[in-house]
Amino acid sequence: MEKKRKYQFQISAQYIDFRKKVSLSSLFDMILKTAGQDADNNGFGVLKLQSLDYTWVLSRFILDVERLPLENETITIETWIQDVETLFTTRNFRITNGDDRLIGYASSSWAVIDMRTRRSVQLDTLPSLNEFILPESTPIGTPGRIANVNGKIANRFEVKYSHIDVNRHASSPFYIQWIADCFSLDFYLQQRLKRFEINFLKEITFGDTGVVYREQKSINDYLFQLVTAEKGVACRARMLFEEVEPGS
């Protein structure tokens, strides 16, 4: 039984930003697709769960990157389940390029909810999960809790049709876009992303409106909080950058 699998993605034009590097939301989406495809291959994917009126939801996520892949580059994302607890399971990722050189690591925490009640389901109802546990951590650890954020409004959003996924809530890559849009193009020319963390706290659904608060903790360290008028705090996030060296 394979407890680790690898999945390949090409960084084509629709996945890059103005620097011809993969956008954070696109890389995040590739990692989620890796998780989904691996769960399908192991017999507990979204379609299987939905037949039981259950579904997967992402709770926490952390990404640490040496660099962002470039246009036309092929990357490999390796994934495995580190542990399964009562309500949450940890899934890890290792990202490399075509030469098997390290690009970064990611780690995620997932729960299963009942689609009728929207409440968490104990994971022992999916006993097949335990067959795929590989108790191997990554150098970046597992995602932790992000504290309350005090800051100023840096972006606004409204949830529309194109934001809604099969779980009838806003797809998580859009949270990433709303956060990433808090900076200017000049900022991204001068800064390189090193670390991204996010805690998903509440579902955002069609018609919800909200704002993104941004707090600068240090010269390269920023915290974010998405707050909706309808549901309050929906998620918190962190982005850690480093200055780009001239000519790089």
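Residues numbered from 1 in each chain as written. Predicted model: local features only at pLDDT ≥ 70, side-chain atom pairs only at ≥ 80, totals over all residues. Heavy atoms only, no water.

As recorded in an unreviewed UniProt entry, the protein goes by Acyl-acp thioesterase and comes from Petrimonas mucosa. As stated in UniProt under Sequence similarities (unreviewed entry), the record for the protein gives "Belongs to the acyl-ACP thioesterase family." (UniProt positions renumbered as here; feature names shortened; annotations may be inferred.)

The UniProt entry lists residues 152-225 under the feature "domain: Acyl-ACP thioesterase-like C-terminal" (unreviewed entry), expressed in the numbering used here. Secondary structure across residues 152-225 divides into 20% helix and 43% strand, with the first and last C-alpha atoms of the span separated by 10 Å. (Helix = DSSP H or I, 4+ residues; strand = E, 2+ residues; numbered from the N terminus.)

This model, assessed by the stated rule, comprises 18 salt bridges. Close ionic contact of Glu-136 with Lys-4 constitutes a salt bridge, the shortest N to O distance being 2.9 Å. Here Glu-136 is found in the loop between β6 (120-121) and β7 (152-158), whereas its partner Lys-4 is found in the segment before β1 (5-10), with 132 residues between them in sequence. Since its relative accessible area comes to 26%, Lys-4 is described here as partly exposed. Measuring nitrogen to oxygen at the nearest pair gives 2.8 Å for the salt bridge that ties Arg-19 to Asp-17. Within this structure, Asp-64, Arg-195, Glu-197, Asp-221 and Arg-238 form a network of salt bridges that share partners. (Salt bridge = Lys/Arg side-chain N within 4 Å of Asp/Glu carboxyl O. Buried < 20%, exposed > 50% of the residue type's maximum accessible area, 1.4 Å probe, protein only.)

A word on the environment of Gln-225. Take Gln-225: it is sitting in strand β10 (residues 221-228). Given the relative accessible area of 6%, Gln-225 is considered buried. Spatially, the C-alpha atom of Gln-225 lies 21 Å from that of Ala-111, the residues being 114 residues apart in sequence. Setting aside anything within four residues of it in sequence, one finds Gln-225 in contact with Asn-148, Val-149, Val-211, Val-212, Tyr-213, Val-233, Cys-235 and Arg-236. In this structure the side chain of Gln-225 is engaged in a polar contact, spanning 3.2 Å, whose partner is the backbone nitrogen of Val-149. Within the structure, Gln-225 has its side chain in polar contact with the side chain of Arg-236 (distance 2.6 Å). (Contact = heavy atoms within 4.5 Å. Polar contact = N/O pair within 3.5 Å; in protein donor to acceptor, adjacent residues only side chain to side chain.)

With respect to the element layout, Arg-91 can be found in strand β4 (residues 89-97). Look at Arg-91 and you get buried, because its relative accessible area is 6%. There is a polar contact of 3.0 Å between the side chain of Arg-91 and the side chain of Thr-79. Once residues within four sequence positions are removed from consideration, Arg-91 is found in contact with Ala-35, Asp-38, Ala-39, Phe-44, Thr-79, Trp-80, Ile-81, Ala-106, Ser-107, Ser-108 and Trp-110.

Let us look at the UniProt feature "domain: Acyl-ACP thioesterase N-terminal hotdog" (unreviewed entry) in the protein. Taking the numbering used here, the UniProt-annotated feature "domain: Acyl-ACP thioesterase N-terminal hotdog" (unreviewed entry) corresponds to residues 4-122. For residues 4-122, the helix share is 20%, the strand share is 45%, and the end-to-end C-alpha distance is 24 Å.

Under the domain assignment, the protein is made up of domain 1 (1-144) and domain 2 (145-247). Of note, the centres of domain 1 and domain 2, computed from C-alpha atoms alone, are 20 Å apart. The interface of domain 1 with domain 2 comprises 24 residues on the first partner and 24 residues on the second. Regarding the contact of domain 1 and domain 2, the summed buried area is about 2,200 Å², with carbon and sulfur atoms giving 54% of it. Summed over the shared surface of domain 1 and domain 2, the result is 2 salt bridges. (Domains from an automatic or database assignment. Buried area = accessible area lost by both parts, 1.4 Å probe.)

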